[in-house]
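# Coordinates in review
Below, each chain spelled out in residue letters.
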Amino acid sequence: MIRDEETLNLLLAGVRRFVREVLLPQEQEVAETDQIPPAVVAQMRELGLFGLSIPEAYGGLQLTMEEEVLVAFEIAYASPAFRSLIGTNNGIGSQGIVIDGTEEQKQHYLPRLAAGDIIGSFALTEPGSGSDAASLRTSAVRDGDHYILNGTKRYITNAPEASIYTVMARTDATRKGAGAISAFIVERGTPGLSLGKIDKKMGQRGAHTCDVIFENCRVPAANLIGGKEGVGFKTAMKVLDKGRLHIAAVCVGAAERMLEDALRYAMEREQFGHAIADFQLIQAMLADSKAELYAARCMVLDAARKRDQGLDISTEASCSKLFASEMCGRVADRSVQIHGGAGYISEYAAERFYRDVRLFRIYEGTSQIQQIVIARNMIKAAQG
Ligand SMILES: Cc1cc2nc3c(=O)[nH]c(=O)nc-3n(C[C@H](O)[C@H](O)[C@H](O)COP(=O)(O)OP(=O)(O)OC[C@H]3O[C@@H](n4cnc5c(N)ncnc54)[C@H](O)[C@@H]3O)c2cc1C
């Protein structure tokens, strides 16, 4: 749903300009230094990019899902690390509070997240539980007005920068599975919370992950999201449904960038006395990429509109994430191929993007997990 076409177009044009004029020229530096310059972060704040999906009542832009994916298409045209920095505040690092938080929790945290004054992170994965997230072992034991958390969370995006962590922990040690999991907001600086060293990743330099470790970490009971035990896994899944659609949109934006770069290169590079774009085998790679990209874009927009209508989009979000992330991988591969040797050399964006986009098939549910969700929903629906 688009609320006001004119306002949205202004926002999209502003983001597009920011991407072209500010982000693209700094991509290489970010890749080399593994840091996004503070001046760029300040400009992201000014543009409101940290609060795209946070309600206006708490200082955000309250974009609908359709509007949000349109913005994501634009931002993802630049290196994924830039999107990653704003990604958690708009997605997994804030939506638990937006969707299920108490009024006090919303008022306390959302305005600062929306402004980008603080960064939020989402801590579900553990060393022993990834795809099987419901088997997580981090414990939260009630002790008066507090819960005492123990456990380790792994690969947590923006954890080194974050001021708050949405942490899924088991509040009933006697029960296995999702029903005993609760979600907490844990503030950085809480005694007993520490961070591991920053992970060395395959790509997305400038975006950081690390372990978040809880050792007898005392968290106020008021920070239990929604004030209710046992519903934290449901909160996490609601957050991920939206997150998967957002990542699918990011895959579309990144693929558009890679395809434009590949097309430009193909038209400039000459072999056998012709631009390589004249060769039909190169054209096949360009055309297949274009067709798949168009399909993914249509899927993402359709799923976003359905979510805006209040429909359950669990299947559509997983279909979009599965198809768009796999499409993005194929486009990345073809982009390197079209660049030939230059595609293997790190001066070119093709090489960097090839590594950066590999992550999209893994996090917020691997491709296999999306397949499982889709098939499970199909079978459930058929059973009536
Ligand atoms: C850079 C990065 C950032 C991340 N950010 C976050 C974050 O902010 N917060 C967070 O909580 N987590 C985060 N993660 C974790 C991420 O979500 C998990 O890595 C992912 O869900 C996969 O879990 P795993 O790594 O344990 O793999 P595993 O679950 O061990 O999977 C290994 C392989 O087995 C397959 N597999 C597993 N189960 C099945 C099955 N039933 N059927 C078929 N195949 C199966 C998987 O698809 C995969 O191919 C991040 C990870 C990375 C790398």
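All of the points below concern the structure found in this document. For clarity, every value in this text was computed on a predicted model and none was experimentally measured. (Residues numbered from 1 in each chain as written. Predicted model: local features only at pLDDT ≥ 70, side-chain atom pairs only at ≥ 80, totals over all residues. Heavy atoms only, no water.)

## Focus on the layout of surface pockets
Estimated volume of the second largest pocket: approximately 380 Å³. Every residue lining the second largest pocket is counted, 22 residues in all, and those nearest its centre are Met65, Gln95, Lys242, Arg307 and Asp308. Every element with two or more residues in the lining of the second largest pocket is listed here: helix H3 (65-75), helix H5 (95-100), helix H7 (232-268) and helix H8 (280-308). Residues of the lining of the second largest pocket, tallied by class, amount to nine nonpolar, five polar and eight charged. (1 Å grid on protein atoms, 1.4 Å probe; cavity = no way out; pocket = protein on both sides within 12 Å on 5 of 7 lines; lining within 4 Å. Points joined across faces, edges and corners; volume = space filled by probe spheres on them. Helix = DSSP H or I, 4+ residues; strand = E, 2+ residues; numbered from the N terminus. Nonpolar A, V, L, I, M, F, W, Y, C, P; charged D, E, K, R; others polar.)

## Comments concerning the nonpolar core
Core analysis: the largest hydrophobic core is formed by 91 residues, its most contacted members being Leu149 and Val186. No other element matches H7, which puts 14 residues into this core. Setting aside residues no more than four positions away along its own chain, Leu149 makes contact with Ser139, Ala140, Val167, Val186, Phe214, Glu215, Asn216, Cys217 and Val219. Ranked by size, the runner-up nonpolar core spans 25 residues in total, among them Tyr109, Ile118, Ile164 and Ala183. (Core = buried A, V, L, I, M, F, W, Y, C linked by side-chain atoms within 4.5 Å. Buried < 20%, exposed > 50% of the residue type's maximum accessible area, 1.4 Å probe, protein only. Contact = heavy atoms within 4.5 Å.)

## With respect to helix H10 (residues 349-356)
The buried count for H10 comes to six of eight residues, which makes it a mostly enclosed element. Regarding H10, the residues found buried are Ala349, Ala350, Glu351, Arg352, Phe353 and Asp356. Summarising the contacts, the buried residues of H10 are in contact with helix H1 (5-33), helix H4 (80-90), H7 and helix H9 (314-339).

## Details of the packing of H8 against H9
The interhelical angle for the contact between H8 and H9, taken along N-to-C directions, is 160°, at an axis separation of 9 Å. Here H8 is positioned roughly antiparallel relative to H9, judged by the angle of their axes. Regarding H8 and H9, the two cross each other, and that crossing is left-handed. Counted by class, the contact of H8 with H9 contains 15 nonpolar, three polar and six charged residues. (Axes fitted to C-alpha atoms, helices over the stretch in contact; angles between N-to-C directions. Parallel < 35°, antiparallel > 145°, perpendicular 65-115°, else oblique. Left-handed = near helix turned anticlockwise from the far one by under 90°.)

## Concerning the packing of H1 against H3
The N-to-C vectors of H1 and H3 enclose an angle of 20°; their axes lie 9 Å apart at closest approach. By the angle between their axes, H1 is roughly parallel relative to H3. Crossing of H1 over H3 shows right-handed handedness. For the pair H1 and H3, contact is made by Leu8, Leu11, Leu12, Val15, Arg16 and Val19 and by Glu67, Leu70, Val71, Glu74 and Ile75, respectively. A breakdown of the residues in the contact of H1 with H3 according to their chemical character gives eight nonpolar, no polar and three charged.

## Digging into unusual backbone geometry
Of note, the phi angle at Asn216 is positive, near 45°, even though the residue is not glycine. Among the residues examined, Asn216 registers a relative accessible area of 55% and is labelled exposed. Not every positive phi belongs to a glycine, and Phe272 is a case in point at roughly 55°. As for its placement among the helices and strands, Phe272 is situated in the loop between strand E8 (270-271) and strand E9 (274-275).

## Quick notes on the site of the ligand
For the ligand, the set of nearby residues contains 18 residues, the closest of which are Thr125, Ser131, Thr157, Thr366 and Gln368. Note that a nitrogen atom of the ligand is positioned 2.7 Å from one of the backbone N or O atoms of Phe122. Note that an oxygen atom of the ligand is positioned 2.7 Å from one of the side-chain N or O atoms of Thr366. When the ligand is considered free in solution it has 980 Å² of accessible area, and contact with the protein chains removes 63% of it. When contributions to the shell around the ligand are tallied by element, the ones reaching two or more residues are strand E3 (146-157) and helix H11 (367-383). For the shell around the ligand, the leading source of residues is E3, giving three residues. (Near = heavy atom within 4 Å. Polar contact = N/O pair within 3.5 Å; in protein donor to acceptor, adjacent residues only side chain to side chain. Areas by Shrake-Rupley, 256 points an atom, 1.4 Å probe, with all protein chains shown as cover.)

Structural measurements only, silent on function.
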